[in-house]
Structure formats: C-alpha cells, structure tokens
Amino acid sequence: MKILIKADYILTMDENDTIIEDGAVLVEDGIIKAVGKGIQEDGAYVIDDRPAILMPGFINTHTHIAMVGFRGLADDRELMDWLQNYIWPAENRVVDEEFIELSVPLALAEMISSGTTTFNDMYFFPEITARITREAGMRGFISEGVIDFPTPSAKSPDEGLAIAESFIKNWKEDELIYPVMGLHAPYSCSRDLILRGYEMARRYGVPLHMHVSETRAEVQQIKKQYGTTPVRYLDSIGVLFDGFIAAHSVWLDGEEIDIFRERGVGVAHNTQSNMKLASGVAPVPDMLKRGVKVGLAPDGAASNNDLDMVDEMRSAALVHKVHRLDPTVMNAREVVRMATIGGAMVLGIDGIVGSVEVGKRADLITVSLSGFHMMPIYDPYSHLVYAAKGSDVQSVLVNGRILMEKRELKTLDPEKIAHNARILKERILSALK
Ligand SMILES: [Zn+2]
C-alpha cells in the first residue's frame, strides 16, 4: 500500500534538523520512500491534515503503561510513601492478567492519540501487553519488572527471571515488539539479581532497563549498602553497557555522567514524574553537553498523570530553565530531538525510526496547526514545545500502518476502552476496601 502525507512543515529530525516547507512524504510497504517538495504518486492513499506539521512519532523511553488504572488514585505523596503504602499494596491486590487486559488498551489509545509511536514499558504479564500492543500496531519495548520481592506475576525473583527469559525467547524475532530485560532498581534488586539479569540481557542481545538514582534517598541507601553511588556501584559490578536504559538518573555528578557516556548508557528523562514526586531535576543539559543519549518519558500514569509526550516536552523545556535560572540552557529544537531521534538512540533503534528519512520505517505523525493557540506560526519547534497540546496530533502511522486518522483511532475501540476504565475503577476500589 502507498500512502502520501502532505504537510506545511516536515520536521525531518535528520542530522541537520532539516525542515521542508510545503512538502510530502511517500510511504510504501511500511517504509519511507520519498521526502520532499513536489512529490506526487498516482493511486496513493492521501493523508492531508493541513495546516499541519509532519514529523517522526514520539518515543516514550520509560513507562509502566498498565498503571493508567491507578491514574489519580494517590497523589501528593513522597516516592517511598507513595510506592510502599499505596502503589505496591494496590498492585498486589488488583494487578492480574485481567487488569492488564483492561488497562493496556486504554494506555495505547492515550499514547496513540497524543502522537507516541514507540514506548518502553516495564510492568507485569508482558505476554499480554505484547499481544495487545501487536494487535493495536504500536512499537513496544516490553519487559517483566523483576524485583527482589513477590510481585503480581512472580512469587520470587527466580520466577521473575524465568518469566523474563521465556518472554524474550517468544518475542525476540518480532517486528514491532522488542523484548527487554527489566530490573526495578539498585535498591530493590540484590547484586546477585542484577548480575543475573545483566547476564540474561547480554545472552539474548536485548536492552537492560532499570530505574537509577531517582531520589536522594536512593543514593544514600546505596552508599550505606555498597559504599558508593548507584552509577559507580552498577559500573563496579560491570553491568553498564550500550544497551542499558537508565530511567530518571536525577542524582548524578559529573563523573557519573562521564561513566554513562563512556559505557554508552541511555537516559530516560522523566521530567513530570520527577517534579510530581519531588525527586529533583536531572542534570540533562550537562548530559547532552557531555554526549550522553537522552530521551523523554512520562513514567507511569500514576506519577504524571498522563502519557502525553507533548506535555512532557513542554515541562522538560521549562524545568531546566527555571532550575538553572537560564532560559538558554535548553531550546525547543533540542527538546523535540530528545522526544524523537534522541529516544530512538536511547532504545537503539535510531537506524530504523526517529527521523523522517528515506529508507526508515514509517513511524510518523501529523500535528494540526489549525488551533487558535497555534497561530501565527514562525517556528514549528517553538509551537510544538511551548504551545501544542497532545490533542493537536491528527494522524499516526507506525510501520506504515495508519493507527489514527484525523483523530479517529483505527485499531482500538474507544467505547470499549471507556467501559473498561469504569470496570478498572470498580475493581481497584473494591480491592482497596
Ligand atoms: Zn518508572
């Protein structure tokens, strides 16, 4: 199938951040065949959302998508209070296969309708998440969250590792599902468990995804336990490599940033989650300056409370300015890069997606310029970061398949999703009684 997408601005996010005005992109068999001005193709299916921007889809580098069920359940609490007294007990009582079945389509619908085309998920029952994601047509990096205590899916870390291994084996060759080894955090996984998880990731050639240095309390705990900071500790046991995805990485010093660069570790920057849980502000401007790969991420919906990458871009652009008292510390173009090609680099898929270039897979979105808040337009990067809403996203393609067109979801059922959200709420409230 051939698809021709027309736009007023094509943000290619290529090496030179080339912008093409009044251009089009031709997609054939899932691949970008042509990008430029004056492209015509007889018989192609035309997507014309003009006035609109055409750009690569957003890449969410760290999330727990099924947590949309807990959206707004427990806000305004400290991370450890939030986790230990609300989220973990709620998870242990209600998260099962059916919970995942009910919540994942809601998360996918939310992500697609705000322009996300790839996400990196760590949660439980990955087989179900993978199956639903595959059917909905999104690109998903998915892992079982392995941790030292019993979880909804595994009675022990051994069982968690076994689930991870069979999941990796089952999905290793899939075109859209990328199995990942997920370890919760240095404070919640023993050294032995981290080493076993690392060994498995390397044996199967998959990424290793972990929360690292999210709070100051974590750094203090790791120092007490191992005599050094989380990044130095992980490096000392040899588990940092170019497939390591470090979520948060808020409390890093200059030397730790250099360790990340030398090992090729990618960082998932969770601006809003870090603000909401008051974890701190990650030194992202320094990471970028020193050449660390950085992508953006909304984290789980319980700590954000949405999965909207447009919203996340604006927060990322603003927080570093006010934190450094310097409005030049991060510009809109750099933020859009983090949300697209930067995220692709963190996940190791920048060779196939993350930019609008001939030969890449067609993971593309259009963003409407017709809203009053988008007029007039001088600079499309500025509008995307400082003015746009996730709901301005009009059409979404993943691997050349149309998942949303003119805001109509093509692979998911909105009525069923809304119905299931009500069932989720009932289940959660009755379990917490
Ligand atoms: Zn997280």
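Since the structure is predicted, the reported quantities are computational estimates derived from the model, not experimental observations.

The rules behind each value
- Residues numbered from 1 in each chain as written.
- Predicted model: local features only at pLDDT ≥ 70, side-chain atom pairs only at ≥ 80, totals over all residues.
- Heavy atoms only, no water.
- Phe/Tyr/Trp six-rings, centres within 6.5 Å; stacked < 30°, edge-to-face > 60°.
- Helix = DSSP H or I, 4+ residues; strand = E, 2+ residues; numbered from the N terminus.
- Buried < 20%, exposed > 50% of the residue type's maximum accessible area, 1.4 Å probe, protein only.
- Domains from an automatic or database assignment.
- Contact = heavy atoms within 4.5 Å.
- Buried area = accessible area lost by both parts, 1.4 Å probe.
- Salt bridge = Lys/Arg side-chain N within 4 Å of Asp/Glu carboxyl O.
- Donors = N, O, S within 2.8 Å, 3.2 Å for Na, K, Ca; no water.
- Tetrahedral: all angles 85-135°; square planar, octahedral: opposite > 155°, others 65-115°.
- Pairing = 2+ DSSP bridges.
- Axes fitted to C-alpha atoms, helices over the stretch in contact; angles between N-to-C directions.
- Parallel < 35°, antiparallel > 145°, perpendicular 65-115°, else oblique.
- Nonpolar A, V, L, I, M, F, W, Y, C, P; charged D, E, K, R; others polar.
- Polar contact = N/O pair within 3.5 Å; in protein donor to acceptor, adjacent residues only side chain to side chain.

Draft legend 1. Structural view of the packing of aromatic side chains. Scanning all chains against the criterion turns up seven aromatic pairs. With a centroid separation of 5.0 Å and an interplanar angle of 65°, the aromatic rings of Trp-88 and Phe-149 are classed as edge-to-face. Of this pair, Trp-88 sits in helix α1 (residues 79-94) while Phe-149 sits in the loop between β8 (139-146) and α4 (157-171), placing them 61 residues apart in sequence. Overall, Trp-88 belongs to the buried group, its relative accessible area being 15%. On the basis of an interplanar angle of 45° and a centroid distance of 6.4 Å, the ring pair of Phe-167 and Trp-171 is categorised as tilted. Of the two residues, Phe-167 and Trp-171 both sit in helix α4, four residues apart, roughly one turn of that helix. Exposure class is identical for Phe-167 and Trp-171. Each is buried.

Draft legend 2. Highlighting the domain arrangement of the chain. If you check the domain split of the chain, you get domain 1 (2-56 + 362-406) and domain 2 (58-347). If you average the C-alpha positions of domain 1 and of domain 2, the two centres end up 28 Å apart. Counting residues at the interface gives 24 residues for domain 1, matched by 30 residues for domain 2. Summed over both sides, the interface of domain 1 with domain 2 buries roughly 2200 Å², with 61% coming from carbon and sulfur. Together, Met-13, Val-385 and Tyr-386 form the three largest contributors to the area buried by domain 1 at its contact with domain 2, with a combined 27%. Arg-139 is the salt-bridge partner of Asp-363, the closest N and O atoms lying 2.7 Å from each other.

Draft legend 3. The coordination of the zinc ion, seen in detail. With distances of 2.1 to 2.4 Å, the protein atoms coordinating the zinc ion are His-62 (NE2), His-64 (NE2), His-211 (NE2) and Asp-299 (OD). In this structure, the zinc ion is surrounded by four donor atoms whose angles at the metal cover 87 to 175°, and the resulting shape is irregular. When the donors of the zinc ion are listed by position in the chain, the intervening gaps give H-x1-H-x146-H-x87-D. Note that His-64 is positioned in the loop between β6 (58-63) and α1 and His-211 in strand β11 (residues 208-212), a separation of 147 residues in sequence. Comparing His-64 with His-211 shows no difference in burial state: the two are buried.

Draft legend 4. Quick look at the pairing of β8. With eight of its eight residues buried, β8 lies for the most part within the structure. Where strand β7 (residues 116-123) lies against β8, six bridges are found, and the strand directions are parallel. Residue pairing for β8: Tyr-123 is matched across the bridge by Glu-144. The pairing of β8 with strand β9 (residues 177-179) spans three bridges and is parallel. Following the sheet pairing, Ile-142 is matched in β9 by Pro-179. Judged from the two bridges that link them, β8 and strand β10 (residues 181-183) form a sheet pairing that is parallel. Across the sheet, residue Val-146 finds its bridge partner in β10, namely Leu-183.

Draft legend 5. Layout of the packing of helix α3 (residues 126-136) against α4. Contact geometry for α3 and α4: axes closest at 10 Å, N-to-C directions at 25°. It follows that α3 is roughly parallel to α4 by the angle criterion. For the pair α3 and α4, contact is made by Pro-126, Glu-127, Ala-130, Arg-131 and Arg-134 and by Ile-163, Ser-166, Phe-167, Asn-170 and Trp-171, respectively. Residue composition of the contact of α3 with α4, by class: five nonpolar, two polar and three charged.

Draft legend 6. Inspection of the side chain of Asn-120 at higher detail. As for its position among the elements, Asn-120 is in strand β7. Looking at Asn-120, its side chain comes within polar contact range of the side chain of His-209, at 3.3 Å. Setting aside anything within four residues of it in sequence, one finds Asn-120 in contact with Asn-60, Thr-61, His-62, Thr-63, Phe-141, Val-180, His-209, Ile-245 and Leu-347.

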